[in-house]
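The residues making up each chain are set out below.
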2 protein chains.
Amino acid sequence: MKIGDAAQRSGLPAKTIRYYEEIELVAPARGANGYRDYSDNDVHRLAFLRRARGLGFSVAECRALLSLYDDDSRASADVKRMALAKVGEIDAKLAELTSLRDTLARLAATCHGDDRPDCPIIEGLAGATS
Amino acid sequence: MKIGDAAQRSGLPAKTIRYYEEIELVAPARGANGYRDYSDNDVHRLAFLRRARGLGFSVAECRALLSLYDDDSRASADVKRMALAKVGEIDAKLAELTSLRDTLARLAATCHGDDRPDCPIIEGLAGATS
DNA sequence: GCTTGACCTTCCTGTTGCTGGAAGCCTTAT
DNA sequence: ATAAGGCTTCCAGCAACAGGAAGGTCAAGC
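Caption draft 1: View of the protein's contact with DNA strand C. Near DNA strand C there are 19 residues, and of these Gly 4 of chain A together with Lys 15, Thr 16, Tyr 20 and Arg 53 of chain B occur at the shortest range. Backbone atoms, meaning sugar plus phosphate, form 68% of the atoms of DNA strand C positioned within 4 Å of the protein. For DNA strand C, a phosphate oxygen lies 2.6 Å from a polar atom in the side chain of Thr 16 of chain B. A distance of 2.6 Å is found between a phosphate oxygen of DNA strand C and a side-chain nitrogen or oxygen belonging to Arg 53 of chain B.

Caption draft 2: Expanded view of the packing of helix H3 (residues 40–54) of chain B against helix H4 (residues 59–70) of chain B. Residues and elements named next belong to chain B. At a minimum axis separation of 10 Å, H3 and H4 run at an interaxial angle of 135°. Classified by the angle their axes make, H3 and H4 are oblique. Our pair here, H3 against H4, has a crossing hand that is right-handed. Note on element contacts: H4 touches H3 through Val 59, Cys 62, Leu 65, Leu 66, Tyr 69 and Asp 70, opposite His 44, Arg 45, Phe 48, Leu 49, Ala 52 and Arg 53. For the contact of H3 with H4, a count of residues per class yields 8 nonpolar, 1 polar and 3 charged.

Caption draft 3: The arrangement of the protein's contact with DNA strand D in detail. Within the structure, DNA strand D sits among 19 residues, and Lys 15, Thr 16, Tyr 20 and Tyr 35 of chain A together with Arg 36 of chain B are positioned closest to it. Within 4 Å of the protein, atoms of DNA strand D come from sugar and phosphate in 64% of cases. Between DNA strand D and Lys 15 of chain A, the relevant distance is 2.3 Å, taken from a base oxygen to a side-chain nitrogen or oxygen of the residue. Take Val 59 of chain A: an N or O atom from its main chain is 3.1 Å from a phosphate oxygen of DNA strand D. Among the elements of the structure, helix H2 (14–22) of chain A together with helix H1 (3–10) and helix H2 (14–22) of chain B are those that each provide at least two residues to the surface near DNA strand D. Ranked by residue count, the leading element in the surface near DNA strand D is H2 of chain A, at 4 residues. Residues belonging to the surface near DNA strand D are distributed by class as follows: 7 nonpolar, 5 polar and 7 charged.

Cut-off values and rules
Residues numbered from 1 in each chain as written. Chains lettered and ligands numbered in written order. Predicted model: local features only at pLDDT ≥ 70, side-chain atom pairs only at ≥ 80, totals over all residues. Heavy atoms only, no water. Near = heavy atom within 4 Å. Polar contact = N/O pair within 3.5 Å; in protein donor to acceptor, adjacent residues only side chain to side chain. Axes fitted to C-alpha atoms, helices over the stretch in contact; angles between N-to-C directions. Helix = DSSP H or I, 4+ residues; strand = E, 2+ residues; numbered from the N terminus. Parallel < 35°, antiparallel > 145°, perpendicular 65-115°, else oblique. Left-handed = near helix turned anticlockwise from the far one by under 90°. Contact = heavy atoms within 4.5 Å. Nonpolar A, V, L, I, M, F, W, Y, C, P; charged D, E, K, R; others polar.

Structure follows, in structure tokens:
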């Protein structure tokens, strides 16, 4: 099937699919006219990539996951380790974002928000220790 | 003062400071030898940038904040609006990350994580609707 | 059989926010 | 005098694509 159909079925934009080929995550066949020709298995890989990327795995991590995916003798422990590490990363990011949100919200709350020029947010950004 | 000192005082790497000059966020003086010469005010701006960037403001937003910062007649309402919009963005990101984290954790929890090749995580990524 | 329009191809550029390195001055300390 | 370190510029590249130009191809309709 052609790239447009593969895009529709996998949920990825065609541009992204071509990019994934360029960085060698998928290797579709080529028709006589030069058009890319995707098998069901290719589409499967693409959908896999879309989900994994959507879950926050980097392209490098997706590459590793794909090699596990391709490897019938992989140990599920390997995959679990990667998933749990990712959960840890996400937790760290969540904590960071939360504290950041609170700092900003606190600054905004102390701002009277009118026409006067003095503003605690600006002052907080300019010199606050936090 | 020279860039090294400015870096130390502002908490930004020298490379980043030069980059900020390139994109015209700061405009230090130059000494006779061609060295950049930072005033206290420059360092202040740099520290402001470091904090704002650390709070998740984009460089474009920082530029806007700096122009407010420079403008003595600004309304604090403008700043408050930006800050609150940013809080909203962060909340959205938090929600997204949280759901992502839960999906991954759920996948990991159902994985026995031993030497056997079958792995619910891989299967979940390969075909799950979620 | 010819046109139209939708697709496909490649290639190049731009995005965001830096970071690293190379080559070469300048300064400071010994 | 010399060595180490800091400063300068410029060039390259990272992630992960997105946008667009220029051109080839294909199926349908008239």
